[in-house]
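# Summary of structural features
Below, each chain spelled out in residue letters.
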Amino acid sequence: RSEALQGDVLGFDETHWDVLGKNSASQKSWAMWQLSTRDSVFFTIAENGDSAAGKKFLKGFEGIAVGDAATVHKSMQKDAKYRLAFCWAHARRKFIKAETSDPVRAKQFLDWVGELYEIEKQAPPGPDGDEKRKTLRHEQSRPIVNKIRDWIYEQRVLPESDIAKAMKYVANQWDGLNVFLDEPQVPIDNNRTERGFRGPALGRHNFYGSRSRRGTEVAAIFYSLVESAKLCDVTPKAYLKAALAAALENKTILLPSEMKA
């Protein structure tokens with residue numbers, strides 16, 4: 001968490017996490033919060049997913065936080081020192097929903113977003129690609145984004161239609177959706193963070209959450225280590241064996257990012 005908060009860019013999000021009472025039929029819905037960077041994932045589990053918990057989770061961060069434009073994410077930014085960047089994948093999903101009722105205009109938007117993603121593929125991933133990504137976004141992505149902006153404001157739509165809601169979403173999040181154009185280290189979407197929730201979601205489905213606060217803390221620690229190892233191309237089993245061996249020998253336990261090749 002400390003390393004993530006000291007960086008320039010991080011992704012964040014939250015999902016529900018059930019905590020079971022003494023009676024297994026009784027449960028409370030807590031929240032699992034995640035921070036993600038290019039080579040690490042950090043989880044914590046809090047009693048709720050409101051803006052107060054989110055502010056505490058991101059306290060001290062002064063860079064760019066990539067989120068999904070949820071109301072709680074916007075509320076968290078009040079009086080904060082970080083900037084918010086929003087996710088083009090979330091915008092895309094709104095138009096996928098609108099395809100059934102307005103296929104022509106939905107397809108037009110989806111095609112433009114597809115072009116943005118194709119441009120992203122031309123730069124190497126990670127810091128090595130930042131300089132090229134900056135040039136590509138300035139020369140190729142920005143004209144497409146400007147085209148999307150002009151197109152949205154030219155449309156006439158029924159106020160409660162899916163296509164209207166999709167366009168309104170993009171218009172309302174416009175500043176956050178544009179951050180990636182000037183910041184090459186900012187990803188075009190928050191998919192990396194969402195992928196980090198796959199393991200916890202599978203575990204939540206299999207064992208229905210935790211039985212105690214200590215259980216939530218243990219779960220958060222192990223999910224942080226395992227998902228970080230995956231990001232660093234370190235086999236989770238090998239990492240945990242190395243961490244255990246270091247602990248037994250009273251040596252420093254390395255983070256997955258410190259073990260990657």
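Below is a summary of the structure that appears in this document. (Residues numbered from 1 in each chain as written. Predicted model: local features only at pLDDT ≥ 70, side-chain atom pairs only at ≥ 80, totals over all residues. Heavy atoms only, no water.)

This structure, assessed with the given rule, holds 12 aromatic pairs. Between the aromatic rings of Trp88 and Trp174, the centroid separation amounts to 6.3 Å while the plane-to-plane angle is 75°, which identifies the pairing as edge-to-face. Taken as a pair, Trp88 in helix 4 (residues 88-98) and Trp174 in helix 8 (residues 174-182) lie far apart in primary sequence, 86 residues in all. Since its relative accessible area comes to 0%, Trp88 is described here as buried. (Phe/Tyr/Trp six-rings, centres within 6.5 Å; stacked < 30°, edge-to-face > 60°. Helix = DSSP H or I, 4+ residues; strand = E, 2+ residues; numbered from the N terminus. Buried < 20%, exposed > 50% of the residue type's maximum accessible area, 1.4 Å probe, protein only.)

This next bit is on the pattern of salt bridges. Under the defined criterion, the tally for this structure stands at 14 salt bridges. Residues Arg38 and Asp130 are paired through a salt bridge, measuring 2.9 Å at the closest nitrogen-oxygen approach. Taken as a pair, Arg38 in the loop between strand 2 (27-36) and strand 3 (41-46) and Asp130 in helix 6 (residues 130-154) lie far apart in primary sequence, 92 residues in all. Residue Arg38 is classed as partly exposed on the basis of its relative accessible area, which comes to 34%. For Asp130, a relative accessible area of 17% corresponds to the buried category. Here Glu227 makes a salt bridge to Lys230, at a shortest N to O gap of 3.3 Å. (Salt bridge = Lys/Arg side-chain N within 4 Å of Asp/Glu carboxyl O.)

Our focus in this paragraph is unusual backbone geometry. Located in the positive-phi region is Ala69, a residue other than glycine, with phi close to 70°. Within the element layout of this structure, Ala69 appears in the loop between strand 4 (64-67) and helix 3 (71-76). On the basis of relative accessible area, Ala69 is assigned to the buried category, the value being 10%.

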